[in-house]
Amino acid sequence: MKSRTFAPSWAFCSALLALPQLATSFYLPGVAPTSYKQGDKVPLYVNSIKPVAAQDALLHSVMSYDYYNERFQFCQPEGGPSYVSESLGSILFGDRIMTSPFELNMNKNETCKKLCSAKYDMPSAHFVNKRIMQGYALNWLVDGLPAGQHLLDDLTGTTFYSPGFAMGTISTTDPDGPTFFNNHYDIVVEYHKVNGKEDQLRVVGVIVQPSSKAYKGDNLVEQCQDNQTPPVVLMEDAGAETEVTFTYSVYWTESPTAWATRWDKYLHVFDPKIHWFSLVNSAVVVIFLTVTVTSVLFRALKKDIARYNRLDQINLEDLSGTSALEDGVQEDSGWKLVHGDVFRTPSHPLLLSVFLGNGAQLFVMTGFTICFALLGFLSPSNRGSLGTIMIILYTLLSFVGGYVSARVYKSMNGEKWKLNIGLTPLLVPGIVFSTFFFLNLFLWANGAAGAVPFTTMLVIIGIWFIISIPLSVSGSWLGFRAPAVEPPVRTNQIPRQIPPATTYLKPIPSMLLVGILPFGAIFVELYFIMSSIWFSKIYYMFGFLFLCYGLMIITCAAVTVLMVYFLLCAENYHWQWRSFLAAGMSAGYIFANALIYLISKLSLGGLSGTVLYIGYSALLSFLFFILTGSIGFFSSWWFTQKIYASIKID
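In what follows, the accompanying structure is described. Everything numeric here is computed off the predicted structure, so don't read it as measured data. (Residues numbered from 1 in each chain as written. Predicted model: local features only at pLDDT ≥ 70, side-chain atom pairs only at ≥ 80, totals over all residues. Heavy atoms only, no water.)

Let's talk about the overall build of the chain
Formally: By definition, any uninterrupted DSSP run of H or I lasting at least four residues is a helix, any uninterrupted run of E lasting at least two residues is a strand, and each is numbered from the N terminus. Burial classes: relative accessible area under 20% of the type maximum marks a residue as buried, over 50% as exposed, and values in between as partly exposed (1.4 Å probe, protein chains only). We call two residues in contact whenever any of their non-hydrogen atoms come within 4.5 Å of each other. Where accessible areas are quoted, they stem from the Shrake-Rupley method and a 1.4 Å probe; at the residue level, only the protein chains shown are allowed to cover.
Scanning the chain from terminus to terminus reveals 19 helices and 16 strands. In the chain, buried positions account for 51% of the 650 residues. Across the chain, the fraction of contacts at a sequence separation of at least 24, relative to all contacts at a separation of at least 6, is 79%. Approximately 31,000 Å² of the chain is accessible, and the part contributed by carbon and sulfur atoms is 63%.

Printed below as a string of structure tokens:
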């Protein structure tokens, strides 16, 4: 009987602990499996060429280039390459998938097959050599799987596939020596027989082993198979031309890996102990904060509320207004003294309500996105699904943003309701879109593949104005029709004078103290997210992200409530903007962390790359500022409503 009594709680704890592992091992495939017969053509698509870490482990560029950029002179298919249809999220994340001249036939090996020849003059050679030194990698796709390299993790001793492979190499013996351009590709494709049937073969892995071979004469096969063939060096001398012949080989190997688990070898955790350490560390911080807030607030508030309600039954006139009892109440319990001002309309209520509406919209969108990813709906096989679902959710949740903004503005006794309805769907999205468009100009100017096409920009504007704004306006209409959130106490006509604050309750110190704790809850996970964004790695550990997001919310709410309590005890009733800015200060730490990351992990030589990195980091920090600021405000609003509703005010 006892075991049955405790079974549900043990099951819940086990399920909670299994969340991170669940997210790393389970996903719903984004596409249906494709089965091939012997000799069937298997398409190989090429994606944009992106920078990864160079041999010095630093990232030297953030620009990506089209595979068929004329300066690369890669071989093209007959009739020219054509674009493969992509999702909106895939385009925004820089994917430019196109057809290729490579011919892959299921379970049919090819040896040293010639593609084409190209001549590199001095400008082209200089361009390609510079990209090799910056660590650029080619990105191919075979049946939706990225062609990668087989690597060994020295820390865990496990092998995994790393998407992408090097365009070329630098001499290991002489760092100042020449760069070698890879022009031969050994393509190893792993396939799996469905139920052992020869007519149902599925691709479950792709490895490319590039090499550099300077072919001379017509005996390509012999030179291709000879490991002593000298490498290709693109000459940068004036008037020099280097002729390069591109070849490839295809080898098919049978694999026991099932199609449903073929992504497991690509999704590698470099050091899972770091994630667990981060999670435990964040949990300890949250528990400490929660216990602190609970003990301080409940003990103090319970004593204060009991004293207030007891004093209401005493005739204070008999005390002649000078008793020690009344003085003690005024000294010990400053938060009741501001009951007539605590719900006074803050400065700039319109701007605050617009920020809060967009913050609520971001909060719900982020929660839904992480939950969808946790359940496996955002499989890496469905490229761009993360970006697409975020845009769809943000658009549909404009209704929530409009409703929250209008309801808050009405509760603050705002009168410019038309301006509120207009600014809610325009201000924050307008800032984001304007910044994104400005940064996109740098990509256009540099001819980068990551530049979002003008037609895609028009699609985003169309979604914004045709779907998002009407939904926000309808939400605002319902919000203004709903009753305002009434304060539990009346507001005095004359504002109370605020005494001088102690150092830690001044705006800047309190913001720095409050903002660092939510940042600490997500610091380690933020490092992996930034590495996946800038180093073109696949991020998939949404179980850890889900728990870190929950811990961040609790930390943000608890520490902001604690600050507001101390603020009210100091007889400072300007808590609305203070709670929003203090909680949002964690975004300042995120931006500072991005700058440290720029110095320690990146080596961007040009102005454009630095502007792009700082611009995108500032944009993400701004959105995080709106998100965490809203969490801090609403938790503080709930707190003030509760404590002032629990006391009797004459």
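Resuming the write-up.
Quick look at the state of the cysteines
As a reminder, the rule being used: By disulfide we mean two sulfur atoms from cysteines, separated by a distance within 2.5 Å.
Going through the model one piece at a time under the given rule, you end up with 2 disulfides. For C75, the disulfide goes to C116, at an S-S distance of 1.9 Å. On the sign convention where negative is left-handed, the bridge of C75 and C116, at about -90° about the S-S bond, is left-handed. Highlighted residues: C75 in the loop between strand 3 (50-51) and helix 3 (88-92) and C116 in strand 5 (residues 110-120), separated in sequence by 41 residues. Each member of the pair C75 and C116 is classed as buried. Note on cysteine connectivity: C112 is disulfide-linked to C224, with sulfurs 2.2 Å apart. Measuring the twist about the S-S bond at about -85°, one finds the C112-C224 disulfide to be left-handed. With C112 in strand 5 and C224 in helix 5 (residues 220-225), this residue pair connects regions lying 112 residues apart in the sequence. Of the two residues, C112 and C224, both sit in the buried class. Once the disulfide-bonded cysteines of the chain are ranked by sequence position, their pairing pattern turns out to be 1-3, 2-4.

Digging into the packing of aromatic side chains
What counts, and what does not: Aromatic pairs are defined between Phe, Tyr and Trp rings, using the six-membered ring for Trp, whenever the two ring centres lie within 6.5 Å; interplanar angles under 30 degrees are classed as stacked, those over 60 as edge-to-face, and all others as tilted.
This structure, assessed with the given rule, holds 44 aromatic pairs. Ring geometry for F72 against F127: centres 5.1 Å apart, planes inclined by 55°, an arrangement best described as tilted. Within this pair, whereas F72 is found in the loop between strand 3 and helix 3, its partner F127 is found in helix 4 (residues 122-133), the two being separated by 55 residues in sequence. Of the two residues examined, F72 and F127, each falls in the buried class.

Here we look at the pairing of strand 15 (residues 201-211)
Walk down a regular strand and you will see the side chains alternate between the two sheet faces. Our working definition: Think of it this way: DSSP has to see at least two bridges between two strands before they count as a pair.
Among the 11 residues of strand 15, 8 are classified as buried, and the element is accordingly described as predominantly covered. For strand 14 (residues 184-193) and strand 15, the ladder comprises 10 bridges, and the chain directions are antiparallel. When the sheet's bridge partners are listed, I187 is paired in strand 15 with V208.

Structural notes on the packing of helix 9 (residues 349-374) against helix 19 (residues 607-645)
To be explicit about the condition: Simply put, an axis is a line fit to the C-alpha atoms, just over the touching stretch for a helix, and the angle between two N-to-C directions goes from 0 to 180 degrees. To sort the angles, those under 35 degrees are grouped as roughly parallel, those over 145 as roughly antiparallel, those from 65 to 115 as roughly perpendicular, and the leftovers as oblique. Amino acids outside the nonpolar list (Ala, Val, Leu, Ile, Met, Phe, Trp, Tyr, Cys, Pro) and the charged list (Asp, Glu, Lys, Arg) are all regarded as polar, and Gly is one of them.
Put simply, helix 9 and helix 19 touch, their axes get as near as 8 Å, and they point 100° apart. Relative to helix 19, the element helix 9 is oriented roughly perpendicular. Judged by residue contacts, L352, F355, L356, N358, G359, A360, L362, F363 and T366 of helix 9 engage L623, I626, L627, S630, I631, F633 and F634 from helix 19. Residues of the contact of helix 9 with helix 19, tallied by class, amount to 12 nonpolar, 4 polar and no charged.

Quick look at the nonpolar core
The nonpolar side chains of a soluble globular protein tend to be buried, and buried together. Selection criterion: Here the nonpolar core consists of buried residues drawn from Ala, Val, Leu, Ile, Met, Phe, Trp, Tyr and Cys, with membership extended through side-chain atoms lying within 4.5 Å.
Counting residues in each nonpolar core, the largest one holds 151 residues, and the members touching the most others are L104, W140, F181, Y185, I187, F246 and Y644. At 20 residues, helix 16 (residues 542-569) tops the list of elements feeding residues into this core. In contact with Y185, other than residues within four places in its own chain, are F74, F102, L138, W140, F165, V208, Q209, P210, F246, T247, Y248 and S249. Formed by 7 residues, the second largest nonpolar core is a distinct cluster that contains F436, V452, M457 and W464.

Quick word on the sheet that holds strand 6 (residues 136-138)
Here we have 3 strands laid out as an open sheet, ordered 3-6-11, and antiparallel in their pairing. Looking along the sheet, the strands with just one partner apiece sit at the ends: strand 3 and strand 11 (165-166). Both strand 3 and strand 6 contribute to a ladder of 2 bridges, which runs antiparallel. Note on strand 6: the bridge partner recorded for K50 is A137.

A look at the packing of helix 15 (residues 507-534) against helix 17 (residues 575-584)
We count it as follows: By convention, the crossing between two helices is left-handed when the near helix turns anticlockwise from the far helix through less than a right angle, and right-handed when the turn is clockwise.
The interhelical angle for the contact between helix 15 and helix 17, taken along N-to-C directions, is 50°, at an axis separation of 7 Å. As the angle between them shows, helix 15 and helix 17 are arranged oblique. Between helix 15 and helix 17 the crossing geometry is right-handed. Judged by residue contacts, P507, S510, M511, V514 and G515 of helix 15 engage R578, L581, A582 and A583 from helix 17. Taken together, the residues that form the contact of helix 15 with helix 17 break down as 6 nonpolar, 2 polar and 1 charged.

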